[in-house]
Structure formats: C-alpha cells, structure tokens
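# Descriptive analysis of the structure
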Protein chains: 2
Amino acid sequence: MSEYINVAVDAMGGDNAPAEVVKGAVEAVTESNKVKVFLVGREADVKAQLGRYDVPAGQIEIVDAPEVIETAEPPVEAIRSKKDSSIVKGMKLVKEGTCDAFVSAGSTGAVLVGGQILVGRIKGIQRAPLAPVIPTTSGVALLIDCGANVDARPSHLVQFARMGSIYMEHIMGVKNPRVGIVNIGAEEEKGNALVKETFPLLKACDDINFIGSVEARDIPSGGADVVVCEAFVGNVILKMYEGVGGALIQEVKKGMLSTLRSKIGALLVKPALKETLKAFDLEQYGGAPLLGLNGLVVKTHGSSKAVEVKNSILQCIAFKEQKINDRIREQIV
Amino acid sequence: MSEYINVAVDAMGGDNAPAEVVKGAVEAVTESNKVKVFLVGREADVKAQLGRYDVPAGQIEIVDAPEVIETAEPPVEAIRSKKDSSIVKGMKLVKEGTCDAFVSAGSTGAVLVGGQILVGRIKGIQRAPLAPVIPTTSGVALLIDCGANVDARPSHLVQFARMGSIYMEHIMGVKNPRVGIVNIGAEEEKGNALVKETFPLLKACDDINFIGSVEARDIPSGGADVVVCEAFVGNVILKMYEGVGGALIQEVKKGMLSTLRSKIGALLVKPALKETLKAFDLEQYGGAPLLGLNGLVVKTHGSSKAVEVKNSILQCIAFKEQKINDRIREQIV
C-alpha cells in the first residue's frame, strides 16, 4: 500500500532489542493505520518476537539483516564493511525510496555516519545535525546540534538554526519559535570565535526569530525554543541534563530517607513527585531526528523501551505529513 | 604584623556590598587570628558598616577606593580607566606584595582582566584559569577552566590539569586526584580537535593521575576530581549545574504541592531534604580561585552573603600555608 508512511526500524538496535523494538513497532501500527513498519534485523529473532502479537494485516514487514553493528565498533568502518547489518540495510531502504524514515536505538556513531554516507544530505545542506527535544519547565526546546558535527563552522550553525525553526514550528507546534545561540554571557560581544562570527549571521536571517544569546543556565527554564550550538557543546548540555538530573534525584531520595519523619513524608509525596519528574525525563521525548537528510533518520536512546520506539515511529508521520524536508529545501537551500 | 596572611577584599563588589562583605570580613578575622583583611572600598560606607561590629584589634584595615566598577562595564576599559576602583586598588595591593590575596564578588570580567593585567601571571604560565569547586554526589570536584580563556590551546589545558591537581591535592586534601578531560565519549579517538590534540599530552604527564575522558553525564556523580576543559565548555557545565538544579527543584516543589496527600508529605520531608540539597548548592563552596597568578585572586558569586565572603577569605589561608604558588612554580614552570 503505497499510501502508507513507510518506516524502517532497526530491530537489532539498543539494549532491549529485539523484544522492545518489535513491541514498539506493533504498538505503533496498532495506534495508527497510516504507518507501515519494516522491521530490519535477524529474521528468525524478529519473527519469534512478532509471533507474540496480533499484527494489523499488511502493516509490518520483516527485512532480513543477519549482521549487527555493535556500539563499540568504529562507525565508519562498520558502515563500510557490514553491508548486511540492520543499520546499513534500513538506511538503504530510505535511500532507494522504499521507506520515508529509519528509526534506530543502535550505535549513535554508526547512525550518524550512515545518515551522511548512505542516506545522504539534502543538496545544499552542509551538515546534518542531531536535534533532540529537551524538557524545560515551560515545555520543550530543540537542542541542535547535540553530537553530530564537532568543530562546526558559522554557516553550519545558521543552517541548524533555520532547520530547527522549521522543526519546532511544524512538528512541535511552536509558533514563531525563539532561536537562541548558546553563549557564556548575554551580550553580543561575548563568546568564543565561533559564536562571535555566527551571531551577526543569525541576526541577519529574516526567516527566523533570533533572540540572541542564551546562557546555559536559562535553557532548562525555557530561555529559547531552538537552542543552537556546536555539537561538542550540545553534547555537554544534553549529558549535563542527565547527569545533574540523576545526581539531584539521588540526593532527593537520600534526603527523604534520612529521618523517620522524612520517610513517612516520602511515602505521601512519592506518587505526585513521580508524575512531575516524568515530565523532566529526557527519555520521555522519543528520538532525536538527524535533520537535513534525504529522508528522516531518528536516533532513539540505547535504553529505549517499546513506548519510545513507538513514539519515534509515530513522529515520522508528522515529519512526512508536514513535509519538513520540502520546507527545508524551499526555505534553506 | 607581617606574620598575618593579608587578604584584600573588594568591599564594593557583588549584590550585597558593602554590608555582607564587611560582615563576612569581620566573621573571618573573628574565626581566625592568622588573617588580616584590607577592606577596599568607599571609606565612609565601609566605616559605617564596620561600626556595627566588635573587630579584633589590628585585623581589619580600610583602604579607601572611591570608584566602583559596575558589572555591565566593558572590563578592559574599566580596569584601565578606573584607577581608584576597589578592584584595581585591591589587586595592586597583591601586585606590590602588601597582600597575599584578593577576594571579590564584583564584575567577573573585571576580576579576570585585572588578574591578568594587574596581578600578572607566574612566569611560564600561559593562561590563568578560573577554577570553581563543584559539588558531586561523592564530594567535590574542581572545574578548570570555567570562563577565563575561551578558545584555549592544548598546552593551556595541560597547565590547567597540573595546576588543578596541585589545588585539589593540597587545598581540598584529595590524594592523587583523578584528572579527566571533558569529552563527548569515553574513547580516546573521540572529541573535537582541541581534545584530540590535548589527550596524548595529558597522557604523557607523569606528574598527574590522568584517567582519560570524562563525559559531562559523569561529572555530577564524581567521575573525576579535576575536570579539565576549555572555558566555553566549562562555563556551560557550571551554568547547567545551576539551570538544571534550579529547574528540577522547582519541579520537585510543584510535584509536592500538587495534591493534598503530597502537601502533607512535603511538610514532613522538608527539613531533611533542605539539608541534603544544601550540599548540592554551588554557592556553598566559597569562591573560585584564578590560578597561576603572582598571588591569589578569588572570585565569589555576585550574590554572595557574609558566609561565602568569610569562606573565601579563609580559603586564602590554606592557599598561602600550602604554598600553592611555590608548588606551581616548581612543578609546572
């Protein structure tokens, strides 16, 4: 059925593959009749998992891929040598047009390299940034780039800002998203060489709502909707979210269990607290798109469970329906 | 009394000057008879505050400085033109040898610039990094550099690593401190150009305990004792501590007040929680030393209260007694 949005899914990627990946795929096609999933992986393993569910007819297909790229493998070599791996075969389905998107919880390095080499960038796009949605106290923001292109140039950051704007507006529904560049102070003359060069270029873009510098301190409270930065800095931001979040929650738990009085309090507080903190958990937000490619590639957490796989697959529907790549081609290139 | 450790203190610096600064100075000299404080600021204002306390004889002296450098002023210009400001006069006391150290809660930019221009670097030290102590779930770590020298070179980072090691060992009492370089992955081949170039240089240093890359995720849980990075990245790390911490605590409070049940629990949990979270509050850790100068310069938070001013002053005693600068001269230069 060619009216489906076709999503290739790396059935072997991540800590919980193939069981949780297959489960997530089944949940996605059960929830939406617009999508067809191509489960790419070791046929016998995938079939065994799939046998546990009732699957809507014609919405799931298995594509055999006997090889697996491990997280520790050097990505460029892995992509070149393992032609029969789930990542290479899944990406080729996008490249040849059979699929609109590819979702993987596997090796980040291999997904990034594969995206550039196999799927390929939209003509005119200089670099493809990885852009996860991150939680803020007022909603969410897009962090672009969080790890794909270290030592980026100013012209790359400008394209990131414009692609990020399109994504936030048309996928996340944020009207006229505020674009900020990560800086070490609010003033225009602050920053390192990259930021100082990029700042006036962003200021001159009349198709984005550039609000200037955003200090890292203001990102978690929603200081910008599109947070533009070079990949090394973006990676540090993302990992500090996890690191500080994890450490603080550990301290909160320790504090709550430190006295008898607080232990009783903890029992009362727990359900409400759990609910609130869930909104601040990075893993709730599905996968990070690798933007600017000839098709969509989504990287989900290595620790993804079925719900994140499902959300990542469903995210591909909006990407296709909102014609994000057509907009990128028209507005940027 | 020349056997005192003499500390010049910027009486006009920070949001709570001069009241809290003077109070902190009085508390410091009351707590330790080893230290003498030179309160540098508008004489009348300082005198008025000082009149409120009993001061140990001979341990506090006022140095009149009628000008004030504001936070928003361009630092280089301010240092050059405001010769009678508390920052310029305080630093000159260190330069000329009257004082061993200078403590300021004033303009970070002016303190950094003044440190380099007025106090001057130890001969052979290429850059003077700002190195705050940050909390971790297992104690503290030193973040070096957190904002003094953007676009640093590999040789700078190597000196940071060695100075940071000396500081952690002899001031914070961490034996053989583990030195890590902030990176976007644990493997040696990962990173941007700066990290890739610096990594083998650090590996070759036999006077430090280099443990390789540390991912930002692992900093809050104590992944390294000395966290080496370029200033832009360090600033992002420091500000993410504040930003994620602030946002999460806000969410925790919101969660606790969301139901009647959790509200009751919150009352019971509050005292214990407050105690634990205090240990994770950046502001508890006094000032950040600017290392590698001919004398010690300590930058405390702009929002410092008396307790932080006091801690920053007392910190100067250990710095002098442990002969940190002699060690830097011997081991590094």
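Computed from a predicted structure; not experimentally measured.

It is worth spelling out the overall build of chain A at this point. Check the secondary structure of chain A and you find eleven helices and eleven strands. In terms of overall size, chain A behaves like a compact globule, its C-alpha atoms giving a radius of gyration of 21 Å where 333 residues would be expected to give roughly 20 Å. The principal-axis extent of the C-alpha atoms belonging to chain A is close to 60 × 55 × 35 Å. Counting the 333 residues in chain A, one finds 58% classified as buried. Considering only residue pairs separated by 6 or more positions, chain A has 71% of its internal contacts joining residues 24 or more positions apart. Put simply, chain A has 38 plus and 40 minus side-chain charges, and the middle of one group is 2 Å from the middle of the other.

Our next topic: the packing of aromatic side chains. Using the criterion set out here, one finds four aromatic pairs over all chains in the structure. With 6.4 Å between their ring centres and 45° between their planes, Y167 of chain A and F319 of chain A make a pair best called tilted. Pair noted here: Y167 of chain A is in helix α6 (residues 154-170) and F319 of chain A is in helix α10 (residues 306-321), with a separation of 152 residues, a long-range link. A relative accessible area of 6% places F319 of chain A in the buried class. Measuring from centroid to centroid gives 5.1 Å for F199 of chain B and F210 of chain B, while their planes differ by 75°, and the two rings are edge-to-face. A residue pair is termed long-range when its members are at least 10 positions apart, and F199 of chain B in helix α7 (residues 193-203) and F210 of chain B in strand β8 (residues 209-215) qualify at eleven residues. On the basis of relative accessibility, which here comes to 6%, the residue F199 of chain B falls in the buried class.

Here we take up the relation of the copies chain A and chain B. Superposition record for chain A on chain B: RMSD 0.0 Å, screw rotation 180°, translation along axis 0.0 Å. Look at the turn and shift together and you get a two-fold axis relating the two. Residue G265 of chain A, judged by its C-alpha, is the member of chain A lying nearest the rotation axis, at 1.9 Å. Most of the interface of chain A is mirrored in chain B, where 100% of its interface residues again form contacts.

With their axes 8 Å apart at the nearest point, helix α9 (residues 260-278) of chain A and helix α8 (residues 231-256) of chain B run at an angle of 135° to one another. In terms of their interaxial angle, α9 of chain A and α8 of chain B are classed as oblique. For the crossing formed where α9 of chain A meets α8 of chain B, the hand is right-handed. Packed against α9 of chain A, whose contacting residues are V269, A272, L273, T276 and L277 of chain A, the element α8 of chain B presents L248, E251, V252, K254, G255 and M256 of chain B at the interface.

What follows is about the side chain of S85 of chain B. Residues and elements named next belong to chain B. Checked against the element boundaries, S85 lands in the loop between α3 (75-81) and α4 (86-95). Of note is the side chain of S85, whose polar atom sits 3.3 Å from the backbone nitrogen of V88. With sequence-adjacent residues up to four places away left out, S85 is seen in contact with A65, E67, V68 and I69.

What follows concerns the interface of chain A and chain B. Facing the 50 residues of chain A at the interface are 50 residues of chain B. In total, about 4,700 Å² of surface goes out of reach between chain A and chain B, with carbon and sulfur atoms giving 76% of it. Elements represented by at least two residues in the side of chain A that touches chain B include exactly β7 (178-183), α7 (193-203), α8 (231-256) and α9 of chain A. In terms of residue count, α8 of chain A provides more of the side of chain A that touches chain B than any other element does, 20 residues in total. When its residues are assigned to classes, the side of chain A that touches chain B shows 28 nonpolar, 14 polar and eight charged.

Our next topic: the pairing of β7 of chain A. Sheet faces and side chains relate simply in a regular strand, where the side chains alternate between the two faces. Residue and element names in this part refer to chain A. The buried fraction of β7 is high, at five of six residues. Pairing of β7 with strand β8 (residues 209-215) involves six bridges; the strand directions are parallel. When the bridges of β8 are listed, G180 appears paired with G212. Crossover handedness for the path β7 to α7 to β8: right-handed.

Turning our attention to the pattern of salt bridges. Applying the stated criterion to the full structure yields 29 salt bridges over all chains. In this structure, R217 of chain A and E215 of chain A form a salt bridge, with 3.7 Å as the shortest nitrogen-oxygen distance. R217 of chain A sits in the partly exposed class, given a relative accessible area of 32%. Residue E215 of chain A is classed as buried on the basis of its relative accessible area, which comes to 14%. Measuring nitrogen to oxygen at the nearest pair gives 2.8 Å for the salt bridge that ties E242 of chain B to R217 of chain A. Taken together, the positions of E242 of chain B in helix α8 and R217 of chain A in the loop between β8 and β9 (226-228) put the pair across two chains. Judged by relative accessible area, E242 of chain B falls into the partly exposed class, the value being 29%. Look at the salt bridges and you will find they share partners, linking E215 and R217 of chain A together with K239 and E242 of chain B into a network.

With 232 residues, the main nonpolar core has L39, V182, I237 and I313 of chain A together with L39, V182 and I237 of chain B as its most contacted residues. Each residue touching L39 of chain A, except ones within four places of it in the same chain, is listed here: V9, A11, V21, V22, A25, V46, L50, I60, E61, I62 and V63 of chain A.

Parameters at a glance
- Position numbers for residues start from 1 in each chain and track the written sequence from start to end.
- A letter from A marks each chain and a number from 1 marks each ligand, given out in the order of writing.
- Local features in a predicted model are, by the rule used here, given only for residues with pLDDT of at least 70; side-chain atom pairs are given and counted only at 80 or more, and totals for whole chains, interfaces and linings are based on all residues.
- With hydrogens and water set aside, each side-chain value is computed from the structure's full complement of heavy atoms.
- Numbering of helices and strands runs from the N terminus; a helix is a DSSP stretch of H or I covering at least four residues, while a strand is a stretch of E covering at least two.
- Here the globule rule reads 2.2 Å times residues to the power 0.38, and the radius of gyration is calculated from C-alpha atoms.
- Exposure classes here rest on a 1.4 Å probe applied to the protein chains alone. A residue is buried below 20% of its type maximum, exposed above 50%, and partly exposed in between.
- The contact criterion used is simple: two residues touch if any of their non-hydrogen atoms lie within 4.5 Å.
- The charge count treats Lys and Arg as positive and Asp and Glu as negative. His and the chain ends do not count.
- Charge placement uses NZ in Lys and CZ in Arg. For Asp and Glu, CG and CD serve respectively.
- We call Phe, Tyr and Trp rings a pair once their centres come within 6.5 Å, taking the six-membered ring for Trp, and we label the pair stacked below 30 degrees between planes, edge-to-face above 60, and tilted otherwise.
- Only residues with pLDDT of at least 70 in both copies count here: their C-alpha atoms drive the least-squares fit that superposes the copies.
- Throughout, an axis means a line fitted to C-alpha atoms (over the contacting stretch in the case of helices), and angles, computed between N-to-C directions, take values from 0 to 180 degrees.
- Here the word oblique covers every angle except those under 35 degrees (roughly parallel), over 145 (roughly antiparallel) and from 65 to 115 (roughly perpendicular).
- Left-handed describes a crossing whose near helix is turned anticlockwise from the far helix through less than a right angle; right-handed describes the clockwise counterpart.
- Polar contact criterion, stated in full: a pair of N or O atoms within 3.5 Å, where within protein one must be able to donate a hydrogen and the other to accept it, and residues adjacent in sequence count only if both atoms are side-chain atoms.
- Once two parts are joined, some of their accessible surface, as seen by a 1.4 Å probe, is lost; buried area is that loss totalled over both.
- When residues are sorted by character, Ala, Val, Leu, Ile, Met, Phe, Trp, Tyr, Cys and Pro go into the nonpolar class, Asp, Glu, Lys and Arg into the charged class, and all the rest, Gly among them, into the polar class.
- Two strands are counted as paired when DSSP detects at least two bridges linking them.
- The crossover handedness rule: strands pointing away from the viewer, path from first strand over the helix to second strand clockwise, crossover right-handed.
- Salt bridges are defined by distance alone: a side-chain nitrogen of Lys or Arg within 4 Å of a carboxyl oxygen of Asp or Glu.
- Throughout this description, the term nonpolar core refers to a set of buried Ala, Val, Leu, Ile, Met, Phe, Trp, Tyr and Cys residues connected via side-chain atoms within 4.5 Å.

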